Every structure is written in C-alpha cells, then in structure tokens.
Amino acid sequence: MKIKKAVVPVAGLGTRFLPATKAIPKEMLTIVDRPTIQYIVEEIVASGIKEIVLVTASGKSAIENHFDYSFELETFLGQKGKWDLLREVRHISSLIEVVSVRQKEPLGLGHAVKVTESVVGNEPFVVVLGDDMVDAEVPCVFQMLRVFEKFQESVVAVQKVSPEETHNYGIVEGEEVADRVYKVSRLIEKPAPGTTRSNLAIIGRYVLRPEIYGCLARTLPGVGGEIQLTDALDSLRRERELYAYAFVGKRYDAGDKFGYLQATVNFALEHPELGGRFKEYLKRLVSEFKD
Ligand code: UTP
C-alpha cells in the first residue's frame, strides 16, 4: 500500500525556546539558511511523499506562508533578474500540496494527530514532528517506509539513549526481529527512573496504520495532562503488531536550545558554500581554547 500523506504537527507552544518563540513559531527558526520546517519537508519529499497535512494553531501562519507562493516577492525577484533566488523560493512550494488542520488547543501530540482523521481517512500515513531533525544519507522517513513495506504494520523510529535520559522520552520495550527492527511489547511515556530496562527512545518519526485513530479516541490524558501518542500506540500494539526501527542517522531536537545549537553546527559543516569556511573557523576556535 503506497503511503501518500505526511502529517506534520506544528501546533505546540514551544515553551522550551522562549523568548524566541513568543511571536515566531519554533519551526520557523533558522538552521543556517532555511527554517527547521523546510528541512523536515525536504526529507518527506525526498522519501516520495508530496501531500503534507500541517497541524497548526493560531500564530503559526508563517509556516503556511513559507510553503505558499509569494506573488509580490516572486514578481520583484523576476523584475530584478534574480533567477537563482526565484528558483530557490519557488522550489519547495512547487513540489508539495499542503493542507492545514487546526488544533484548537495544544492538548498533546496524540490529540494533534487525532484532529487529522477527516483529512487522512482510512489509509496509512507518516507523522514527522516539526522540530525533530534527522541528518541521514538515506532519508529517515524513506528508511521507515521500507520497514512498513516489509511488515505492513505501524513503525516508530527509535534511537538508543543513556539510562539517565530515558525519563525524557517515550520508551519502547521489545525483541529484535530483524536488523535494527524490534517487535514492540510495551511502550511507556517518560518512565520514572528504574522502571524500564530498555533504552530505546521514540523520536519524531512514525508510520501509522489508520487503526491509530480508534486508539486515540479512547486515549485519556496521560503524562503532563496531555493526550500522548505513546499511550495510543500502546493500545494499538495490543490490537495488532507494532514495530520499532533504529534508524541510521543523527537526530537533533531543534525545539530545545542545546539541540538547536548542535543542529546548526552540524548543518553548517555540511553546507555546500559555507561548510569549508566554517570548519576552518571551528578549527581556529578549538586551537584558541587549547592555548
Ligand atoms: P513538543 O513537546 O516538542 O512541542 O512536541 P511543544 O509543546 O511546542 O514544546 P515545548 O515543550 O513547549 O517547548 C513535539 C511536536 O508536536 C507538536 C509540536 O509543535 C512539535 O512539533 N505539538 C505538540 C502539537 O502540534 N500539538 C500539541 O498539543 C503538542
């Protein structure tokens, strides 16, 4: 079954990044020369999906505008003969169809996914968090679609974290059934220290079968009073098989100040025009630290 739609929730308040996010959505904060959300959408497009369902809230219109045509700007660039810039600003909008769904209150990630039911309908879909970046040779979403194709069941992306960090994540317990693929036996959102031996942490990429909507409808508020997607996934794995996939790549939480800095350094080093200069700059900086 071909997956056509990607749900991208961007309705959170971004409180970890205040005051920057008071008037600007965190997904619009720039990593080198593009907003975070553009990296996310580029990964989705590179994985073969063109229909994007944005879950938005008030104050997030900049994200919708970023993926829309900008008549004034494009006319201006055309008149000035700035063709490279024109191509650049048009490129991503020309590749995708965007539909927006409003999440009226930030009731949690599970709730953000639930409000997309009428748009997604009865078909499997991908969920990619708007502030979770993965740098990988093979796009992370594409890697996950391959696992879905094989098992035809929902898949969550995981990475190994240290035992001290497990309480910050949704944690998956399960048995490895293929290279990097685990059959999930339990999920726990932000487990208290010492309550799980697993260190497989869920990150912001999911391939979900439509049965998740029924599970979300039955999910009560959990940790933090929010409707947790992890809790709905734990119900789903009681009904059908659920898999976790330890993707190949580096993940950055760009919704967190430190994660954002790490992502900026990483993507700056990889930038085709700036990477070389930036590397030299870092080397100089490191040698100054040593002195
Ligand atoms: P986060 O927990 O990282 O987002 O959710 P947040 O609530 O904005 O962050 P802080 O903790 O206040 O800084 C992960 C993703 O899910 C979306 C967020 O926009 C983010 O992309 N989200 C979260 C929603 O769309 N709705 C929600 O109710 C919660």
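Refer to the structure presented above.
Here's a quick rundown of the structure. (Residues numbered from 1 in each chain as written. Predicted model: local features only at pLDDT ≥ 70, side-chain atom pairs only at ≥ 80, totals over all residues. Heavy atoms only, no water.)

**Here we look at the site of the ligand**
Stage number 1. Every one of the 19 residues lining the ligand counts as a neighbour, but G14, T15, R16, Q103 and G108 are closest to it.
Stage number 2. At a separation of 2.7 Å, a nitrogen atom of the ligand approaches a polar side-chain atom of Q103.
Stage number 3. At 2.8 Å from an oxygen atom of the ligand is found a main-chain nitrogen or oxygen belonging to G108.
Stage number 4. When isolated, the ligand has an accessible area of 570 Å², and the protein chains bury 84% of it.
Stage number 5. In the shell around the ligand, the residues fall into nine nonpolar, six polar and four charged. (Near = heavy atom within 4 Å. Polar contact = N/O pair within 3.5 Å; in protein donor to acceptor, adjacent residues only side chain to side chain. Areas by Shrake-Rupley, 256 points an atom, 1.4 Å probe, with all protein chains shown as cover. Nonpolar A, V, L, I, M, F, W, Y, C, P; charged D, E, K, R; others polar.)

**Section: the pairing of strand β7 (residues 132-135)**
Note on strand geometry: in a regular strand, side chains alternate between the two faces of the sheet.
Stage number 1. Alternating positions in β7 separate into two faces, D132 and V134 on one and M133 and D135 on the other, with burial throughout.
Stage number 2. Across four bridges, the pairing between β7 and strand β13 (residues 250-253) is antiparallel. Looking at the pairing, D135 lines up with K250 of β13. (Buried < 20%, exposed > 50% of the residue type's maximum accessible area, 1.4 Å probe, protein only. Helix = DSSP H or I, 4+ residues; strand = E, 2+ residues; numbered from the N terminus. Pairing = 2+ DSSP bridges.)

**Topic: the packing of aromatic side chains**
Stage number 1. Using the criterion set out here, one finds six aromatic pairs in the structure.
Stage number 2. When the ring of F125 is compared with that of Y213, the centres are 5.3 Å apart and the planes differ by 15 degrees; the resulting orientation is stacked. Here the residue F125 occupies a position in strand β6 (residues 125-128), and Y213 occupies one in helix α8 (residues 212-218), the gap between them amounting to 88 residues. For the residue pair F125 and Y213, the accessibility class agrees, reading buried in each case.
Stage number 3. Taken together through their ring pairs, the aromatic side chains of Y39, Y252 and F267 make up a single cluster.
Stage number 4. Here R34 stacks its cationic end above the ring of Y39, 4.1 Å away from the centre of that ring. (Phe/Tyr/Trp six-rings, centres within 6.5 Å; stacked < 30°, edge-to-face > 60°. Lys NZ or Arg CZ within 6 Å of the ring centre and 35° of its normal.)

**A short note on the pattern of salt bridges**
Stage number 1. According to the stated counting rule, one finds 22 salt bridges in the structure shown.
Stage number 2. One salt bridge in this structure joins D253 and R16, with 3.0 Å as the shortest N-O distance. Of this pair, D253 sits in strand β13 while R16 sits in the loop between β1 (5-9) and β2 (30-31); the two residues are 237 residues apart in sequence, bridging distant segments of the chain.
Stage number 3. Across the salt bridge formed by E27 and K60, the nearest N and O atoms sit 3.0 Å from each other. Placement of the pair is E27 in the loop between β1 and β2 and K60 in the loop between β4 (51-56) and α2 (61-66), with a sequence separation of 33 residues.
Stage number 4. By relative accessible area, E27 is classed as buried at 2%.
Stage number 5. You can call K60 buried: its relative accessible area is 6%.
Stage number 6. One network of salt bridges, in which partners are shared, links R16, K26, D131 and D253. (Salt bridge = Lys/Arg side-chain N within 4 Å of Asp/Glu carboxyl O.)

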